[in-house]
Amino acid sequence: MMWALGFTAVTVVGLAALSVGLLVMQALVGGSVQVLAPESGIASTDAGTFGWAFALAAGVALVTTAGAARLTESTPARRWPPVLQGLAAAAVAALLSLVVLLLRLGIDPVAFLVD
C-alpha cells in the first residue's frame with residue numbers, strides 16, 4: 001500500500017502539471033484569438049474550473065489507488081513484489097484520474113490521445 005501511495009503522489013504531481021499546462025494553453029489560444037479576431041466569441045479562461053477538475057482527479061486517484069491496492073491483496077497479484085503491486089494500482093488510478101480530469105474540462109479523452 002505504501003508503494004501505491006508513493007506512485008500516486010507522482011501521479012498527482014503529473015495531474016497538476018497537466019492541469020496548469022492546459023490552463024496556460026487555453027489562455028494563450030484565447031488571447032491570440034481575441035487579438036487576431038476580436039469579433040469571435042471564444043470562451044474566457046476560468047482558473048476555477050481547472051482547480052475543481054484537478055481536485056476531483058486527485059481525489060479519484062487517491063480513492064482508486066486505495067481500492068486497487070486492496071484488490072491486489074485478494075488476487076493472484078498478491079504474489080508479486082510490493083513495488084509491482086503498487087505500480088499496478090497506481091497505473092490504474094493514473095489512467096482513471098486522467099480521464100476524469102479531461103472529462104471535467106470538457107475534453108474528449110479518446111480524441112485527446114488519438115488526434
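Coordinates for the structure precede this section.
Being a predicted model, the structure only gives us computed values, none of them experimental.

Participant: Please set out the overall build of the chain residue by residue, giving values where relevant.
Facilitator: Of regular secondary structure, the chain possesses four helices and zero strands. Moving toward the C terminus, one meets the helices and strands of the chain in the order α-α-α-α. Taken against the 2.2 N^0.38 rule, which gives 13 Å for 115 residues, the C-alpha radius of gyration of the chain at 18 Å runs more than 25% over that of a compact globule. Projecting the C-alpha coordinates of the chain onto the three principal axes gives extents of approximately 60 × 25 × 15 Å. In the chain, which comprises 115 residues, the proportion classed as buried is 27%. Considering only residue pairs separated by 6 or more positions, the chain has 76% of its internal contacts joining residues 24 or more positions apart. With an accessible surface of roughly 7100 Å², the chain has 74% of that area assigned to carbon and sulfur atoms. Counting 4 positive and 5 negative side-chain charges, the chain places the averaged centre of each group 28 Å from the other.

Participant: Describe the nonpolar core, listing the residues and the values that go with them.
Facilitator: Membership of the largest hydrophobic core is limited to eight residues, which are Leu15, Leu22, Phe50, Ala53, Ala57, Leu101, Leu102 and Leu105. For this core, the secondary-structure elements that each account for two or more residues are helix 1 (2–36), helix 2 (47–72) and helix 3 (82–104). When residues in this core are grouped by element, the largest group, three residues, is from helix 2.

Participant: Which residues make up a nonpolar patch on the surface, and what are the values?
Facilitator: On the surface, a nonpolar cluster with roughly 420 Å² of combined accessible area is contributed by Met1, Met2, Leu5 and Leu62. Tracing the sequence through the fold places Leu62 in helix 2.

Participant: So what's going on with helix 3? Which residues, and what values?
Facilitator: Taking 1.5 Å per residue, 23 residues should reach 33 Å; helix 3 reaches 32 Å between its end C-alpha atoms and fits that length. Just downstream of helix 3 lies Gly106, where phi reads positive at about 85°.

Parameters at a glance
- Residues numbered from 1 in each chain as written.
- Predicted model: local features only at pLDDT ≥ 70, side-chain atom pairs only at ≥ 80, totals over all residues.
- Heavy atoms only, no water.
- Helix = DSSP H or I, 4+ residues; strand = E, 2+ residues; numbered from the N terminus.
- Rg over C-alpha atoms; globule rule 2.2 N^0.38 Å.
- Buried < 20%, exposed > 50% of the residue type's maximum accessible area, 1.4 Å probe, protein only.
- Contact = heavy atoms within 4.5 Å.
- Areas by Shrake-Rupley, 256 points an atom, 1.4 Å probe, with all protein chains shown as cover.
- Lys, Arg positive; Asp, Glu negative; His and termini not counted.
- Charge placed at Lys NZ, Arg CZ, Asp CG, Glu CD.
- Core = buried A, V, L, I, M, F, W, Y, C linked by side-chain atoms within 4.5 Å.
- Patch = residues over 30% accessible without salt bridge, like charges linked within 9 Å, V, L, I, M, F, W, Y side chains within 5 Å.
- Salt bridge = Lys/Arg side-chain N within 4 Å of Asp/Glu carboxyl O.
- Expected span 1.5 Å × (residues − 1).

The analysis is restricted to geometry; functional conclusions fall outside its scope.
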